[in-house]
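Read off the chains here:
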Amino acid sequence: MRLIILVLLTLLLSPFTYAIGIPVGGIAPDFTLKSLDGKAVSLKEYKGTILVLIYWETGQARSLMALEDGKDIFKKYKAKGVQVIGIIAEADKTEEVRGIIKEHEINFPVLLDPERQVYGDYGIRVYPSTVVIDKEGRLAYDLPGHAPTYKTALEADLQYML
């Protein structure tokens, strides 16, 4: 019985409960990816900005909910220096992605990660994964999946940082 409790505690407290493999406070790995319109966008461009990265995939309801919440967050906090960026690995589904962006009226950039550079460098473990990077380029928070408290937790993190 003691062994079972120990195993459960280990699993609950292990790094696998985080969205990514980078520890909080660690430097966010730089990347340069292309947007849907072909423009190269680099993490370096956002130094001095609080950045919310939402790594998502098509055909997943929780990913679409994260995008919707990201849209609301961007609208509410853009004037306070918060930028939201969506990242997707499915470059072969560009037209589907464009349709989703249009249908959901996503008003922030969506970048393509066809080589899974960000996926690998950040150690993404679950879709969607939301990463908050502070003004100095350090990982401040990460949110795995899309729990019912996702938006509340993300707003609380941002308000604390502002």
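Figured I'd write up the structure that's included with this text. Remember, predicted model here, so these are calculated numbers, not experimental data.

What follows concerns the nonpolar core. Grouped together as the largest cluster of nonpolar side chains are 26 residues, with contacts concentrated most on Val-52, Ile-54, Trp-56, Val-110, Leu-154 and Leu-158. Of all the elements in the fold, those that place two or more residues in this core are strand 3 (50-56), helix 2 (61-77), strand 4 (82-88), helix 3 (94-103), strand 5 (110-112), strand 7 (139-144) and helix 5 (150-161). The greatest single-element share of this core, amounting to five residues, is contributed by helix 2. Val-110 has contacts with Lys-34, Ser-35, Leu-36, Trp-56, Gly-86, Ile-88, Val-97 and Ile-101, leaving out every residue within four places of it along the chain. Counting 21 residues, the second-largest nonpolar core is a separate cluster that includes Val-118, Tyr-122, Ile-124 and Leu-139.

Right, let's get into the packing of aromatic side chains. In the structure shown here, the tally under the stated rule is five aromatic pairs. Geometrically, the ring pair formed by Tyr-55 and Tyr-119 is tilted, given 6.0 Å between the ring centres and 50° between the ring planes. Placement of the pair is Tyr-55 in strand 3 and Tyr-119 in helix 4 (residues 117-122), with a sequence separation of 64 residues. Pairwise contacts between aromatic rings join Tyr-55, Tyr-119 and Tyr-127 into one cluster. Sitting above the plane of the Tyr-119 ring, Arg-116 keeps its charged end 4.8 Å from the centroid.

Following Tyr-127, the chain continues to Pro-128 via a peptide bond in cis, the omega torsion being -15°. Mapped onto the elements, Pro-128 comes out in the loop between helix 4 and strand 6 (129-133). The backbone of Glu-105 sits at a positive phi, close to 50°, despite the residue not being glycine. With respect to the helices and strands, the residue Glu-105 is situated in the loop between helix 3 and strand 5.

The next point concerns the pairing of strand 6. With five of its five residues buried, strand 6 lies for the most part within the structure. By the alternation rule, side chains of strand 6 split into Ser-129, Val-131 and Ile-133 and Thr-130 and Val-132, which are all buried. Inspection of the sheet shows strand 6 paired to strand 7 by five bridges, in the antiparallel sense. Looking across to strand 7, one finds that Ser-129 is bridged to Pro-144. Hairpin geometry of strand 6 and strand 7 is characterised by an intervening segment of five residues between the two adjacent antiparallel strands and by a positive phi of about 85° at Gly-137.

This part covers the pattern of salt bridges. A full pass over the atoms with the stated rule returns six salt bridges. Taking the shortest distance from any N to any O, the salt bridge between Asp-72 and Lys-151 comes out at 2.8 Å. With Asp-72 in helix 2 and Lys-151 in helix 5, this residue pair connects regions lying 79 residues apart in the sequence. Take Asp-72: its relative accessible area is 33%, and that puts it in the partly exposed class. On the accessibility criterion, Lys-151 (26% relative accessible area) is partly exposed. Where Glu-95 meets Arg-98, a salt bridge forms, and the shortest distance between an N and an O atom there is 3.4 Å. Here Glu-95 pairs with Arg-98, and both are found in helix 3, just three residues apart, close to one helical turn.

Calculation rules
Residues numbered from 1 in each chain as written. Predicted model: local features only at pLDDT ≥ 70, side-chain atom pairs only at ≥ 80, totals over all residues. Heavy atoms only, no water. Core = buried A, V, L, I, M, F, W, Y, C linked by side-chain atoms within 4.5 Å. Buried < 20%, exposed > 50% of the residue type's maximum accessible area, 1.4 Å probe, protein only. Helix = DSSP H or I, 4+ residues; strand = E, 2+ residues; numbered from the N terminus. Contact = heavy atoms within 4.5 Å. Phe/Tyr/Trp six-rings, centres within 6.5 Å; stacked < 30°, edge-to-face > 60°. Lys NZ or Arg CZ within 6 Å of the ring centre and 35° of its normal. Pairing = 2+ DSSP bridges. Salt bridge = Lys/Arg side-chain N within 4 Å of Asp/Glu carboxyl O.

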